[in-house]
Each structure stands twice: as structure tokens, then as C-alpha cells.
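Descriptive analysis of the structure
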Amino acid sequence: MAPELVRLLLRTPPPPAPGQPEPTAEEIASQTLAQQEVIEEVITEVQNAIVVDREYRFKVWRLAGLGLLIVITIAVVLGRLFVGGPPSVAELREQAGVDSWTELKIGVKDDQFGTAYYNPVTKQWSGFDIDVAYMIAEDLGFRREDVRFYGMESEDRARMQANDPVSGERVSVQMVIASYSITQEREDRPGVTFSQGYLDTEQSVLTLKDHAPVAALKDLKGKRVCSLSTSTSQSALGELGAIVIQKNRVRECFALLDIRDVEAVSTDAAILAGWKNQYPDKYSHFDLGLDLTERWGVNVGENLALKELVDLTLYRSWADPKDSRWEEAYDRNFQVEVEANGDTPIAVAHQPRAERPDVRWLPWEDPLG
């Protein structure tokens, strides 16, 4: 309508009818001024209309673009959640075979006070490794009565096999939690896959009470020292000239020490501290001041999906301030041994840092459980 109105206003006025006077100059000027004002007003309205139209179209296109971006983002997220990306917890459980297990078989030590000990009288298991095993089993969905512990020798930790105490038959376990230090050499062996670390300790030495103090490994040069077979401790002893006697169970080492067939027992401090605490007047426990840390891990064999599930438990335990299971296990098993062991360190009193495993989560799920 605006262009039509402009043409109408610009039209030359018709001549006056016969007998009508000619318009004066003032009337013509007034009419022209009125036409110009109307024209300017119309032009302004047209310009405003054009601007509004452009803004409207821009908003429409912007909203359309935003909507397209949202659709693409949702498609990518859903694709990652349900098609690509890392496996979900449910997929890991399926891959590991966890849901098909009626019980959880775990290989542990059975003669290490404070770490993993089986009491033949009460038929009860106790120790830090036992508590860690229950923590992992709980997150896997197993009740305590569904967990089966099997005592194993050191050399069987890589084989993931133990002896059934009742039938005497060999039993394959699903994981090994047996004061097993993580080393590259062990990880390179077939059938060994470690979880992230769950405890940091160090090598120390224990002697009979009347033995001279041991300040360093060099004090054991030329001496008969018992250590666990396949233990990382025996390497350092051998390099410094000690005569290393290897046994598969730590109680066998203490049997030799008690009859003075060896002068000392050397292995991880967390293991020796339990024996010192059990027999405080019989043994002396010495710190060797070594920088090397022994970090224990869970061996899951070839089951890589199970490793991720174990790592998830360790991550939750480390990252969730409301999860105090690790701290309670430490206090219950190691903190109570501090007084008997004096200045000799037992283990680091906080859980090793655990990295979050690469597991896919739905937006409404909580990775901390």
C-alpha cells in the first residue's frame, strides 16, 4: 500500500473547475509541504518494515541453525552412548562373564597376619587383602557368602591356580589378591594382567630379637636370608651378596628363622609387620631405607573386561569421599600394628591414586555408584 500512496500524493492536482478561483501560492506551498511530510513518514515506515523483516528472517534462520545443531549433538551423543565409544558397565560385565558366575573364586595368601590369614580354628579369613577382595566382590554384585577364598603359593599367582583345602584339587581362580607387586617383568608374562594399584609398601627385614640391628641390605651380605619365591625382594638381596633361600610361603621362612637356619626374613614391610605384631617379643623389624615402592595390584589373568571392573571399584574408592571402605580396611589391619613395629614403616596410609577407567555412562548415571 505504501508505494501506491506515494504515487497518489505525487499526482498533479486537477485544474480548478470553471468558475473556481486558481489556488494561491500559499495554498500550493502548503499542499506541497503536506505531501512531503506524508512521503517522509511513509518512507520511514517502509524502512522500519524492511529492518523488522530482516531481523525476523535472521532470527528464523538462527533458530533453525540452533535446532539443527541440537539435533546433531543429540545424534552424536546417542551414537556414542549406544553405538560407539567405550563399553558400558553392562557390556563389561557381559564380556567378563561376571553375570554367569554363581560364586567368586579369589586366590589369596593364607599365612600373612594383617594381610591375608586363614585361622584354621575359627575357619575365618582376615586381613587387608581380604577386605579389598570383599570390596571388589560387593561392587561386582556378590554377597560375602558367595566369595570363595583359596590359599595359594607365590609361584601360583601368575598361573592363577590354587589348591582346594578340602579336596586337594587344583582350582582356577577368577582373580588373585595376594600381596602381588606390579612390575613390568610380571606384566610381560602371559596370563598376568594387573589392575591399578591398591597399596604402596616397601621392602624391609625381620630378625630374631637378639640379632644385631640391620640398617641396610649391605648388612646382610654373605648372610642366609629367606624370601618368597618370585618375590621382587630377592633380587635386591642377591645383588648385594646375600645368600637367598626361597620359599613359597612366608611361614616356611619363619620356620627357618626360628631354628636359626637363616638370619633374617626379607620381603614387603606390610607382610613382616603382621608377624612382628603377632609375636612382638620374638622378632625385630627393621626399615632398610629403600626408595623403591612395592605397589600391589589385582591379577585378573586374561580377563581384560574384569580388569576394568576392578579398576572401577578402585576409582570409586579413591575418588568418592563418602566411600571409606579402603580407609577402614587400612585402620583395621595396619594401623593397629603401628605400635608393635615402632618406627619401621608398614605401608602408605592412603590409597594410591586411581585413574577413572574408560567406561561409557548414560547421562543420568553416577560413575561413583
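Reference entry: report on the structure contained in this document.

Each value, and the rule that gives it
Residues numbered from 1 in each chain as written. Predicted model: local features only at pLDDT ≥ 70, side-chain atom pairs only at ≥ 80, totals over all residues. Heavy atoms only, no water. Helix = DSSP H or I, 4+ residues; strand = E, 2+ residues; numbered from the N terminus. Buried < 20%, exposed > 50% of the residue type's maximum accessible area, 1.4 Å probe, protein only. Areas by Shrake-Rupley, 256 points an atom, 1.4 Å probe, with all protein chains shown as cover. Axes fitted to C-alpha atoms, helices over the stretch in contact; angles between N-to-C directions. Parallel < 35°, antiparallel > 145°, perpendicular 65-115°, else oblique. Left-handed = near helix turned anticlockwise from the far one by under 90°. Contact = heavy atoms within 4.5 Å. Nonpolar A, V, L, I, M, F, W, Y, C, P; charged D, E, K, R; others polar. Pairing = 2+ DSSP bridges.

Some thoughts on the overall build of the protein chain
Counting its secondary structure elements, the protein chain contains 11 helices and 15 strands. The buried share of the protein chain, taken over its 369 residues, is 44%. In the form shown here, the protein chain has an accessible surface area of approximately 20400 Å², with 55% of it arising from carbon and sulfur atoms.

Focus: the packing of helix 3 (residues 89-96) against helix 9 (residues 304-319)
One way to put it is that helix 3 packs onto helix 9 with a least axis distance of 8 Å and a crossing angle of 130°. Considering the angle they form, helix 3 stands oblique to helix 9. The handedness of the crossing between helix 3 and helix 9 comes out as left-handed. Within the contact between the two elements, helix 3 uses Val 89, Leu 92, Arg 93, Gln 95 and Ala 96 and helix 9 uses Ala 305, Leu 306, Glu 308, Leu 309 and Leu 312. A breakdown of the residues in the contact of helix 3 with helix 9 according to their chemical character gives 7 nonpolar, 1 polar and 2 charged.

Points about the packing of helix 4 (residues 128-140) against helix 10 (residues 325-333)
Helices that pack against each other are described as a pair by the angle of their axes relative to one another and the distance between those axes. As a packed pair, helix 4 and helix 10 sit with axes 9 Å apart at the nearest point and diverge in direction by 160°. On the basis of their axis angle, the class for helix 4 and helix 10 is roughly antiparallel. Our pair here, helix 4 against helix 10, has a crossing hand that is right-handed. Contacts between helix 4 and helix 10 involve Phe 128, Asp 131, Met 135, Glu 138 and Asp 139 from the former and Arg 325, Trp 326, Ala 329, Tyr 330, Arg 332 and Asn 333 from the latter. Across the contact of helix 4 with helix 10, the residue classes tally to 5 nonpolar, 1 polar and 5 charged.

Digging into the sheet that holds strand 13 (residues 264-268)
A sheet is described by the order of its strands in space; here 5 strands give the open sequence 12-11-13-10-14, paired in mixed fashion. Where the open sheet ends on each side, the last strands, each with one partner, are strand 12 (243-247) and strand 14 (283-287). Sheet twist, expressed as the average angle between the axes of neighbouring strands with direction ignored, equals 30°. In terms of strand pairing, strand 10 (residues 203-208) meets strand 14 through 5 bridges, oriented antiparallel. By the bridge assignment for strand 14, Leu 206 is matched with His 285. Strand contacts of helix 7 (residues 250-258): strand 10, strand 11 (224-228), strand 12, strand 13 and strand 14, with the helix running at about 40° to strand 10, the strand carrying the most contacts. Here helix 8 (residues 269-278) sits on the sheet in contact with strand 10, strand 13 and strand 14, set at roughly 130° to strand 13.

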